[in-house]
Amino acid sequence: MPLFYAIQSITGARPYQGKIGAQDPEFVDMAYRVVADYVRTLSFAIADGAVPSNDGRGYVLRRVLHRAVWYGRQNLGAELGFFAKLVRTLVELMGDTFPELREREEYLTGIIREEEESFSRTVDKGIVQFKKLCDALPAGEKKFSGKDAHFLYTSMGFPADLTELMAEERGLVFDWDGFNAAMAEEKRLSDEAEERRKKKMMGSNKDMTLVAEQTSHLVNKGVDATDDSPKYAWDEDLSGCIVKALFIGRGETADGIGFVDTISGESGAVGIVLDKTNFYGESGGQIFDIGSIKTSSGATVDITNVQIYGSFALHVGEVTSGTLNVGDTATCRVDYVRRAPIAANHTMTHVLNFVLKDVLITQSSSDQHGATVDQKGSLVDEQKLRFDFSWNGPLTPDQLASVERMCVDRIEAAIPVDNYVAPLGDAQKISSLRAVFGEVYPDPVRVVAVSPSPIADMLGNPQDAQWNDFSVEFCGGTHLKNTSEAKGFVLLSEEGIAKGVRRITAVTMDDATAANATASEVEAKVTKAGELEGLELEAQVKLLTVELEGLSISAAKKIALRETLGAYGKRVVAWKKKHAAEQTARVCALVVEEASKTEGNKVVVRCDFGVDGKVSKAVTGAYGKKVKDKALLMVSADEATDRFMVVAFAPKGMKDVDCKAWVAAATEGTGGKGGGKKDSAQFTVPGVAKIDGVLEKARTI
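Residues numbered from 1 in each chain as written. Predicted model: local features only at pLDDT ≥ 70, side-chain atom pairs only at ≥ 80, totals over all residues. Heavy atoms only, no water.

> Help me understand the sheet that holds strand S22 (residues 643-649) in this model?
Hydrogen bonds between backbone groups are what pair the strands of a sheet, and the pairing can be parallel or antiparallel. Pairing within the open sheet is mixed, and its five strands lie in the order S20-S21-S22-S24-S23. On the outer flanks of this sheet lie strand S20 (602-606) and strand S23 (673-676), each paired with one strand and no other. This sheet shows a mean twist of 10 degrees between the axes of neighbouring strands, independent of strand direction. In this sheet, strand S24 (residues 680-686) lies alongside S22 in antiparallel orientation, the contact comprising seven bridges. Within the sheet, the bridge partner assigned to valine 647 lies in S24 and is glutamine 682. Against the sheet, helix H17 (residues 555-597) engages S20 and strand S21 (631-638), with an angle of about 135 degrees to S20. (Pairing = 2+ DSSP bridges. Helix = DSSP H or I, 4+ residues; strand = E, 2+ residues; numbered from the N terminus. Axes fitted to C-alpha atoms, helices over the stretch in contact; angles between N-to-C directions. Contact = heavy atoms within 4.5 Å.)

Laid out in structure tokens, this is it:
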């Protein structure tokens, strides 16, 4: 019962009475049971390494949390944040038996709090929209439209099962058929968009994808699986390849399957299946190779894409010369210049994966017991590497700098990169192995290690602690032979892409060199700007701030430069305050002196300080304290913008001067604009050449 007592204390609901079914018409006791059960479920699952997300077990956890928060808020009257507060009670109740709860209490609370807050915002918006939709229903309508539920789900993220609960509370039947039909239509539109994307990716308006119909056709024709083991070779062509099938696109032949015996330049986009290949087909987050295929008869095909369908590698491109036939012998020529940065990005993705865990957990000064840094996805191409990983919050500037520095250190250390195909069970015993959760690996499996020790040694003594200092992963991608070949590493950005999931984008090789050169250039500019003062410094800060945000440079360096520019900005503010005070004092002295020399009840003076309203207000305020019997009209020019300001002020007690009328008359016909009252007025006039005329009018009025 401790959880029930905590729920009552936090929500203010009536005590739990153990009612069920019809005895609990307001579902209060059901809400108690749901909230208590679900806080246990979520806490244990998150402590075990899961996090709420949009797929797999994470999606189940997200729905569980949503249901708990919903029952708490709707049936117990709970306020935002109630659910996360229950973790403390659960830990006190079960922490001794399950110490991982106590060890990860702060982490559990943070994840649940963040998810609860996010969902609560969704609920608040969804409830408002749901009520509007219900109010718009015709009298006597007993069904809540599936189309409306689909709108709530797709536009506001409001879960359909919660919409059903709300509908039932209003005596409405949820239209699941309509909802599922709307979801199916959305999927159809999404699939069509994906087909268009694939066609664009293949560089053709034809559908060049192989689905079950095409792969089964190849199997029935006796075409063996493509042997792509030569893809790990470097800087050599692969000769003796046999053309096993030629493809011109789904729906492009009479039978609709798309295979032909001959292709030429007139065929447009074509696909070639060979018995063996050294091209890397896109998979495992690594982009495909490009290059060319040339037959013994002289025909040439430029290959622009390679995709894996089942056990077949499809080389997509266009025939640039000659004619190809099934059965021809060909030579594969991979563009290894393009592959080099891809391999560098892939190898450094492995290094990054290792370093992140080292920086965020192993070397962390705070208690990270039980925290994990797990790979959630990756993409490597010739331009960048992108790595998604589990972590609950952005990295600090120091952490970003440490991650980047350690990756560079691994490059400078010139560490060998080894690969070895081993029995899955043996490879899984290596102590430092990092594998993707939920991924199904082949047996045997290819192991890639960034380590001075060969993988064979690791397999001989898999639990040796020395392996913990190096990256070991299962991987089927192409890699460098040594980290030194990566030349450099620059971490460009780090951002959140989902609850508990962060994304790092980085570059290597020539792109890293270019990023570092750009950083050095802008650092020099920022340092040079620091020698300036006042308005010149302000102008440079504005220019450099805009320039900095558009640069692809180290994220850590960009943060440091932003801080430096921010410090410059504070210097500018301080200078402006000092300058304004000095300027105000100077102008004040001038107008007071002019007043002492002027007869009558009006003082007209020109004293240029730009068109700064703060200065004019300070001057008139000071003037009013020293001069009690004379109204003041000041004219101040701003040569840079070719305009001037006209300000009039009457000290307290002067009833015979109308400042607004005075300024309006003095600036009549100049195109000036402004306003004010009888005791003060201000106009701005374009064209400093008009100043003398305004001054003359002001003196004669």
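Anyway, onward from the coordinates.
> Looking at this model, I keep getting lost on the environment of aspartate 207. Mind explaining?
Locating aspartate 207 in the fold gives a position in the loop between helix H9 (176-201) and helix H10 (212-220). Between the C-alpha atom of aspartate 207 and that of isoleucine 415, which follows or precedes it by 208 residues, the distance is 44 Å.

> Mind showing me how you'd approach the nonpolar core here?
For soluble globular proteins, nonpolar side chains are generally found buried alongside one another. Counting residues in each nonpolar core, the largest one holds 57 residues, and the members touching the most others are Ile7, Trp70, Leu76, Phe83, Leu86, Ile112 and Phe144. Where this core is concerned, the elements lending two or more residues are helix H1 (2-11), helix H2 (28-47), helix H3 (56-75), helix H4 (82-94), helix H6 (105-135), helix H7 (146-156) and helix H8 (160-169). The element best represented in this core is H2, accounting for eleven residues. Leaving out residues up to four positions away in the same chain, isoleucine 7 has contacts with Gly12, Tyr32, Val35, Ala36, Leu76 and Leu86. Grouped together as the second largest cluster of nonpolar side chains are 39 residues, Val351, Leu360, Val417 and Ala556 included. (Core = buried A, V, L, I, M, F, W, Y, C linked by side-chain atoms within 4.5 Å. Buried < 20%, exposed > 50% of the residue type's maximum accessible area, 1.4 Å probe, protein only.)

> What is the right way to look at the side chain of glutamate 494 in this model?
Tracing the backbone shows glutamate 494 in strand S18 (residues 489-498). Here glutamate 494 falls in the buried class, since its relative accessible area comes to 16%. Looking at glutamate 494, its side chain comes within polar contact range of the side chain of arginine 502, at 2.6 Å. Aside from chain neighbours lying at most four places away, what touches glutamate 494 is Phe389, Gly393, Pro394, Leu395, Leu400, Arg502, Arg503 and Ile504. (Polar contact = N/O pair within 3.5 Å; in protein donor to acceptor, adjacent residues only side chain to side chain.)

> Help me out: how do you make sense of the pairing of strand S13 (residues 385-390) in this one?
Looking along a regular strand, one sees the side chains alternate between the two faces of the sheet. Burial analysis of S13 places five of its six residues in the buried class, which makes it a mostly covered element. With five bridges connecting them, strand S12 (residues 375-380) and S13 associate as antiparallel partners. Residue pairing in the sheet places valine 380 in a bridge with leucine 385 of S13. The turn joining S12 and S13, which pair antiparallel and follow one another in sequence, is formed by four residues.

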